[in-house]
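Structure assessment
Residue strings, one per chain:
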Amino acid sequence: MKEYATDLCQFLDASPTSFHAADNIRSYLLAHGAQELDEAASWQIEPGAPYFVCRSGTSIVAFRTGLKSMGDAGLVIAGAHTDSPGLKVRPGMHKQNQGMVRIGVDVYGGAILSAWLDRPLALAGRLFLRDSQNPGRLKTLLYNSGKPVGIIPNLAIHLNRDVNRGFEYNAAQHLPVLVSCQREKRGAQSSALSWLYEFIGEETSFDIAPDEIVASDLFFYDAQKSAMLGVQLPSGVDFINAPHLDDLAGCHAILEAFCSAQPDEFGQVACFLDSEEIGSMTMQGADSSFVRDVLARLAIVTGVSAEDFYRMSSQSLFVSLDAAQGWNPAYPEKYDEKLSPLLSAGPAIKINANQRYATDSQVESLITMLASQEKVPLQRYMSKADMQPGSTIGPMSAARLGIRTIDIGHPLLAMHSIRETISAFDHAMMIQLLKAVYKSPPSFH
Ligand code: CO
């Protein structure tokens, strides 16, 4: 259990953005013998061997074809999202007031804003650079400052006496990140992003001149590392507290289970998808053609007939992972007591009458039986009847793929805060359950 928790913390610390998460997933897959396929090249597929495809640098679909034809044996698919709410650098916003330099940000997804204040923030993302060797071409670089570079200071309570009654943070006014007070130094007259690019050029080991950077996607993130905490003896690990657990914890569990799975008659697929926090409708999100494109192409190159492709859909299973609202003892009135997962009591199946989660009672029954064979405790999550839950990649994947889907997740506290909390036990149980799903998926016929 502690080993999985330690591994997860390392993955989280190395993955401050979805670009870094995808890059780490890619390295892990390569280290486990998977071969990368380019969407622009033609594919050669060996039955039972692992492959993966990356789209837009942030979404990955990995697969191992089955030893039987897709149409006869179907697929077992697990998926989670690689992105998390946060603060994204606005290219045009750069504020200097009395020499205090602040970098403007956009709020990406539904972040809890107050959690971002008074906390050392680091900077990471993707840069596109002019390729001096090949005019007209670009080079991509992942950047991570690896150390704090800014802060969003609160106003003193003496100047905002009501702050503890709730305060509305305005993204344009209050959230620009303070990065310098060196009045006359670097970039006093510089335009928009060049100040930041100058800093990046000086900081990285890649020797970049600021004017080489053509465009970028940069995010601030919590510079504090992941933490394992709790008072349970002897392991001392009750909780994992870290940024981006929703849903890099799900990605990590799927990656572990997929890489340790053995080839079987049915195909095995693992999806790591970007853009969930902003609705998934991008070229690489769950509401895109990406997963279906990979599956259809797989069918084409392995000689599966069009009819067998549809036979595959009807026999396959999609396990959609995303964090579930864990019961928070300080706010019992917000939960349905009988249907709120406790931390350290196992993964939670997510259910909603209006299908904000894709689970139906058939797939719930089959996964429940599989979990009980594996001695993995399961819980149920339903939001209170008078509240609307969030959604996941589950319903749109089910609709786009025509594949039976279950929504399941780690019980998690403080969803969308800058740091979230799960239990180390639940993470180990989630991995065990996914291993069982990839080994002996339930049959629908
Ligand atoms: Co999520």
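Reading the values: rules and limits
- Residues numbered from 1 in each chain as written.
- Predicted model: local features only at pLDDT ≥ 70, side-chain atom pairs only at ≥ 80, totals over all residues.
- Heavy atoms only, no water.
- Helix = DSSP H or I, 4+ residues; strand = E, 2+ residues; numbered from the N terminus.
- Buried < 20%, exposed > 50% of the residue type's maximum accessible area, 1.4 Å probe, protein only.
- Polar contact = N/O pair within 3.5 Å; in protein donor to acceptor, adjacent residues only side chain to side chain.
- Contact = heavy atoms within 4.5 Å.
- Axes fitted to C-alpha atoms, helices over the stretch in contact; angles between N-to-C directions.
- Parallel < 35°, antiparallel > 145°, perpendicular 65-115°, else oblique.
- Left-handed = near helix turned anticlockwise from the far one by under 90°.
- Nonpolar A, V, L, I, M, F, W, Y, C, P; charged D, E, K, R; others polar.
- Domains from an automatic or database assignment.
- Salt bridge = Lys/Arg side-chain N within 4 Å of Asp/Glu carboxyl O.

Here His-416 lies in the loop between strand 19 (411-412) and strand 20 (420-423). Residue classification places His-416 among the buried positions, given a relative accessible area of 17%. Side-chain polar atoms of His-416 contact the side chain of Asp-246, separated by 3.1 Å. Ignoring any residue separated from it by four or fewer positions in sequence, one finds His-416 in contact with Pro-85, Gly-110, Ala-111, Ile-112, Asp-246 and Glu-277.

All right, on to the packing of helix 1 (residues 2-13) against helix 5 (residues 245-260) then. Where helix 1 meets helix 5, the axes come as close as 10 Å, and the angle between the chain directions of the two elements is 120°. Classified by the angle their axes make, helix 1 and helix 5 are oblique. Handedness of the crossing formed by helix 1 with helix 5: right-handed. Contacts from Tyr-4, Asp-7, Leu-8, Phe-11 and Leu-12 in helix 1 reach Leu-245, Leu-248, Ala-249, Cys-251, His-252 and Glu-256 in helix 5. Within the contact of helix 1 with helix 5, the residues separate by chemical class into eight nonpolar, one polar and two charged.

All right, on to unusual backbone geometry then. A cis amide bond, omega 0°, links Asp-246 with the succeeding residue Asp-247. If you trace the backbone, Asp-247 turns up in helix 5. Backbone geometry at Ser-344 places phi at a positive 75°, although glycine is not the residue there. Assignment of secondary structure puts Ser-344 in the loop between strand 15 (324-325) and strand 16 (348-350).

Once the domains are mapped, the protein chain shows domain 1 (2-84 + 243-438) and domain 2 (86-222). On a C-alpha basis, the centres of domain 1 and domain 2 stand 32 Å from each other. Counting residues at the interface gives 19 residues for domain 1 and 20 residues for domain 2. When the shortest N-O distance is used, the salt bridge between Asp-222 and Arg-419 registers 2.7 Å. In this structure, the connection of domain 1 to domain 2 is made through six residue pairs in polar contact (both at pLDDT 80 or more). Across the side of domain 1 that touches domain 2, the residue classes tally to six nonpolar, eight polar and five charged.

Before going further, it helps to spend a moment on the pattern of salt bridges. Pairing is possible between side chains of opposite charge, provided their charged atoms come close. Here the structure, examined in full by the defined rule, presents 14 salt bridges. Between Arg-165 and Asp-162 there is a salt bridge, with the nearest N and O atoms lying 3.3 Å from each other. Owing to a relative accessible area of 72%, Arg-165 belongs among the exposed residues under this scheme.

Moving on: the side chain of Thr-17. Relative to the helices and strands, Thr-17 is located in the loop between helix 1 and helix 2 (18-31). For Thr-17, a relative accessible area of 6% corresponds to the buried category. Thr-17 has contacts with Ala-124, Gly-125 and Phe-219, leaving out every residue within four places of it along the chain.

What follows concerns the packing of helix 1 against helix 10 (residues 424-439). Look at helix 1 against helix 10: their axes get within 9 Å of each other, and the N-to-C directions meet at 95°. Taken together, the axes of helix 1 and helix 10 are roughly perpendicular relative to one another. From helix 1, Tyr-4, Ala-5 and Leu-8 reach across to helix 10, where they touch Ala-424, His-427, Ala-428, Ile-431 and Lys-435. Taken together, the residues that form the contact of helix 1 with helix 10 break down as six nonpolar, one polar and one charged.

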